[in-house]
Structures are given as structure tokens and as C-alpha cells.
Amino acid sequence: MAAAAAAPPATPSSRPLRAPPAPSTVHRQLRCHAGPSPSLLALRHRAARAAPARALLDKVTPFNFGEEEDDGGDDHPREECGVFGVVGDPEASSLCYLGLQKLQHRGEEGAGICAAGDDGKLKSVTGLGLVSDVFRDPAHLGSLPGQAAIGHVRYSTSGGDAQLCNVQPFLAGYRFGQLAVAHNGNLVNYLPLRHKLEAQGSIFNNSSDTEVILHLIATSLSRPLLARICDACERLQGAYSLLFLTADKLFAVRDPFGFRPLVMGRRPNGAVVFASETCALDLIDAVYEREVEPGEVIVVDRRDMSVSSACLVPHRPRKSCVFEHIYFALPNSIVFGHAVHERRTAYGRALAEESPAPTADVVIPVPDSGFYAALGFAQASGLEFQQGLIRSHYTGRSFIQPTQAIRDLAVKLKLAPVRGVITGKSVVVVDDSIVRGTTSSKIVRLLRDAGAREVHMRISSPPVVGRCHYGIDTPDEKELISNRLDIEGVREMIGCDSLGFLTLDKLHSIYGDEADELCDACFSRNYPVPMPEKVPAMASADDED
Ligand SMILES: O=P(O)(O)OC[C@H]1O[C@H](OP(=O)(O)OP(=O)(O)O)[C@H](O)[C@@H]1O
Ligand SMILES: NC(=O)CC[C@H](N)C(=O)O
Ligand code: SF4
Ligand SMILES: [Mg+2]
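Just so you know, these numbers come straight off a predicted model, no measurement behind them. (Residues numbered from 1 in each chain as written. Chains lettered and ligands numbered in written order. Predicted model: local features only at pLDDT ≥ 70, side-chain atom pairs only at ≥ 80, totals over all residues. Heavy atoms only, no water.)

Taken together, 18 residues surround ligand 1, and among them Ser-369, Arg-391, Lys-414, Asp-432 and Thr-439 come closest. Here an oxygen atom of ligand 1 sits 2.3 Å away from a polar atom, N or O, in the side chain of Lys-414. Separating an oxygen atom of ligand 1 from a side-chain N or O atom of Asp-432 is a distance of 2.4 Å. Classifying every residue of the shell around ligand 1 gives 5 nonpolar, 6 polar and 7 charged. (Near = heavy atom within 4 Å. Polar contact = N/O pair within 3.5 Å; in protein donor to acceptor, adjacent residues only side chain to side chain. Nonpolar A, V, L, I, M, F, W, Y, C, P; charged D, E, K, R; others polar.)

What follows is the structure in C-alpha cells.
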């Protein structure tokens, strides 16, 4: 939480992209050749998602590609890690503020909101720290009037974590007006793309991967904006759930693999809402309608509130991040069509089948994210379930603290034992994951100090052995404890009496046919999108001569 405490004042921002490139005549000629026509979204009708898909057909108007929406027939601009967006509500930015607070667990480093005012101007406020810090001064929200807004909570994967310039939404001006973007995910080909754009003269304001998306859109010769977004996305590799805001439209985009979640809902007044997780919809009384499908672009026009949908690129097999279910998302969210708490309870039950703890007296969860898995473990094993560790909610998530020393202290600050539950008992303690091993080691020590007779650690996911390249900032592979040690080695290091992980096969069995549609690369090293092997070298100042 150091970042939050040290948060400098929020700053309204607008960042320029590179200067308008082509002379208007050439430009006009080229623009006649519109980019690849997005075909209508080919929906997948799978049992698990049948209802949301039907909702789509009722509510979504197919995008009419012939209608120019943003730049008319001349060159005059007429307008352009949890994410949240609202269209069609006079309190759009306040709703964004609430939605972002609900998504705070997805990123604590920085937050921002960009709103489209009725005067056609986009304004944004971004700052380091928690949403409540950034918007502590009511004047900040007050400066963001309008019927549409997008917002972002950041947890960096590319670019410095404590740099205001990397906090989203990014708002840029280009030849067709203003465009803001909020991105959850990580682009694996960010560096090659950036180097190429720089070689062509682009100037970058920050070190985040997300900025290249704006450049690719700005330099695309396609029209209208939907086609430019499709053009840009065709060049992106990796994970992206994106919200774009213009003066009169909001675009919601999900990468073809659907790594990161993105859902759509509607408020009673008809406002359309997008969010990384459904918990943020619930908060503002928006009814969950469906996921933005992998590879889909949904366009909401604030002028007539029409909703249209297009397909970004040819359909790919879905590879949704299983770690969202395991750890990242809130348990009261529906993510990838599944209630997160149900998934976690199922992991716990499966774990009890695979790694029972027959000598134990009581099952306790590691709060918060180990709660449902522990409940499932207790249900399946017939053991008593107790809250043996109390979590302080005034601290942040320890896994996402920047240094090991701080992570060590953060765990102690965060968790306190309930001696009455623990003393003299054989305890099964269930957590969702072991990453570096910091939390587990501390907890075992904490429980032994509180008088536990035996400590059996059970983990409701497989050992984490690979880095994530798709939007979760897992540490370097050498820092992953399961990468250095086998299970017995990890047990010794943590100091528990027994240790059991859910196996990958068992995890897959919970998903049945859907197992193929999961990314589990941090457990299996089966990366759906490989990292580019060679990144071209950047030009240096010496190359100028
Ligand atoms: O092995 P480690 O490197 O310690 O990381 C693993 C721990 O980090 C996460 O908890 P975190 O405290 O981040 O969040 P939570 O309170 O939501 O469980 C996760 O739930 C594990 O408890
Ligand atoms: N975790 C995320 O989704 C991060 C988004 C973006 N890659 C950034 O670093 O800001
Ligand atoms: S590598 Fe792991 S954390 Fe990253 S997307 Fe895949 S499952 Fe999720
Ligand atoms: Mg935890």
C-alpha cells in the first residue's frame, strides 16, 4: 500500500499522438480503401453460455459497416487492469468511480476515469494509488461530466508501476478527434510493435504496452473507427480486454483467445455497462447480460443507444485465464460464464479427494481468496470448518506488493491467528495458490506459534511454475518456489507437516469439455501465444547521423 500512501495529486491528462501524418489528398485516396470488413460475430452456442448468447441476439444490432460514424466525408475531425465503462447515464463518471472501487482488487497502483462530456470533449483524471485516493477531492469527479465514461484500475505488467504517465485511461488526440483507452491484459509483441512504430516516427509518452494500441489505431488508414480498431487488433498478440471511448461511442473489445474477462450489463434506465467482473455490475444495479465474446467488438452509440457487434479476427480457440477463477476475481463474480465461488468450492472438494488430511481436526481458509476452496475441502472431507485466521482489510494484496521485504511484513500485518480455533489442534489450512511461498511460510509459523499441533497445507491449484505473459504480473521463474523445488522441497521450506496441491488433471476434470478452453500456462507452460523470440534493437541517438 506504499503507493497508495504516497499518491501524488490526480492529474487531468491528455496526451498527444504523433502529428497527423499524410497530406490530405493522399490521405483521402488511401482512406477510400477501407480495412478488412469485420464480419458479423459468429456466436458460439455452447450449453454453458446459451442464455447469454440468446440475450445477445435480442439486444445487439449487427454493425452496419457502410455507415461512417466518426469522420464524415472530409478530413475535419468531428470527434476520438480492471476496466469499467458506462454509456447512457448522466452520472457515468460517478458510476465508473463506484465500479472501479469494486474492481480495486484487480489493481492498486493507479486509477483513472475518462468521461465524454455533452460538448463532445473527453476529459480524464488519473492518479497513483487507490481509486478512493485518486478521487478523494470531489472536484475530480465533478470535472468529468457526461453520459459516457470509461475507467481503469492498474496493476502494471509493462512499464513502471509507480509512474503516473502509465496510469490509464490514456487519452489521446489524433486526426479524427479524441480517443481514450483502458486495457486489461498484456501484449506479448509490445516491444517489436513499439520499435517499428518508433522507426516510423511515432513518439511515445510512457512505457506501457497499451500506448501502442492508440498508435496503431491512429496510423491505420482504414475507416471508420471500428475498422481502425480491427486493423490495430490484428497486429496485437497477447491479452487484451479493452474499452475505447470517443465523444459518442464506447467500444468494448476482447482478444480472440479471451484471456481476460469482460462482461456487459444494463442498468434499469437502459445505460449499457461493461466491466471486468460482474461484481461491479451488481454494485450499480446493472443486470448481467453476457460476456463480450473472445474476438468480438461491441459498439454502443450514445446518441441512439444502439448496440452493434462485429468480429475482430477469425475465431480462435478460447483460452481463458484459469487463474481468474483460482485467485484473481472476486468470488461473487461470474467470470467466463462461471460463478467464481462455485469453481473455488469445486477445487476444494477435488483437493480433498486427491489430498485428504485424515488426521486433521479442523479446516481453516487463508483469507480472502482461500475461503471457498477451504469450504469445499471441509464439505468433502466432513471436517469442521472454522475461521482460524483473521484478515486485516486495511492492507493490500501481498502477492502484488513490490519487494520481498515488504511482502514478508505485509503477510504478518494482514493475518492474525484465532488461538481458540487453533491451539492443540491438527489444522488443515487451505489457500488458493503458492507463488513465491511467502504467505504459506508465514502462515505455518503463525499457526505453530498459536499452538497448532499439526499443520497440513492444501493448495487449490497446481504448483505455479511459469510466468504469465497475459496480464498477471507473476514473478520471474526463478522466484517461483515450485520452479526451484519439488513438492517435498516446498513442504520443507514452508515447514508444514504435509502439503498437497490440486493436480492439473484434477483441475481439468472440474471443467470437463471446457478444459481445452482454459489458459493454464503458469501451471503447464503451455503458452497459447508464445513470446516473440527476437526483439529488434532500438535505434540509438548515434543512428541519427
Ligand atoms: O506464495 P506467495 O508469493 O505468498 O503468493 C501466494 C499468496 O498470494 C495471494 O494472496 P494475496 O495476499 O495476494 O491476496 P488475497 O488476500 O486475496 O488472498 C494468494 O491468495 C496466496 O495467498
Ligand atoms: N494488468 C493489466 O492488465 C495491465 C495493463 C497494461 N499492460 C499495463 O501494464 O498497464
Ligand atoms: S499464464 Fe496463468 S495467469 Fe497467465 S493467463 Fe495463463 S493461466 Fe492466467
Ligand atoms: Mg491469499
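Right, picking up where we left off after that structure.
Among the secondary structure elements, Ser-220 is positioned in the loop between helix 8 (211-219) and helix 9 (225-234). Those residues in contact with Ser-220 that lie beyond four places of it in its chain are Arg-175, Arg-228 and Asp-231. (Helix = DSSP H or I, 4+ residues; strand = E, 2+ residues; numbered from the N terminus. Contact = heavy atoms within 4.5 Å.)

Attention now goes to the environment of Gly-238. Looking at the secondary structure, you find Gly-238 in strand 10 (residues 238-245). Residue contacts for Gly-238: discarding those within four places in its chain leaves Asn-186, Val-188, Asp-255, Phe-259 and Val-529.

This part takes up the pattern of salt bridges. Enumeration over the complete set of coordinates arrives at 25 salt bridges. Notably, a salt bridge pairs Arg-448 with Asp-497, separated by 3.1 Å at the nearest N-O pair. Of this pair, Arg-448 sits in helix 16 (residues 438-449) while Asp-497 sits in the loop between helix 18 (487-494) and strand 26 (498-501); the two residues are 49 residues apart in sequence, bridging distant segments of the chain. Salt bridges sharing common partners tie together Arg-106, Arg-260, Glu-277 and Glu-324. (Salt bridge = Lys/Arg side-chain N within 4 Å of Asp/Glu carboxyl O.)

Right, let's talk about the side chain of Asp-89 for a bit. With respect to the secondary-structure elements, Asp-89 resides in the loop between strand 4 (82-87) and helix 4 (92-102). Overall, the relative accessible area of 3% leaves Asp-89 in the buried class. A distance of 2.8 Å separates a polar atom in the side chain of Asp-89 from a polar atom in the side chain of Arg-267. Within the structure, the side chain of Asp-89 is placed 2.7 Å from the side chain of Asn-269, a separation counted as a polar contact. Setting aside its immediate chain neighbours within four residues, Asp-89 contacts Leu-95, Gly-146, Gln-147, Arg-267, Asn-269 and Ala-271. (Buried < 20%, exposed > 50% of the residue type's maximum accessible area, 1.4 Å probe, protein only.)

Note that all results are geometric; they support no functional claim without further evidence.
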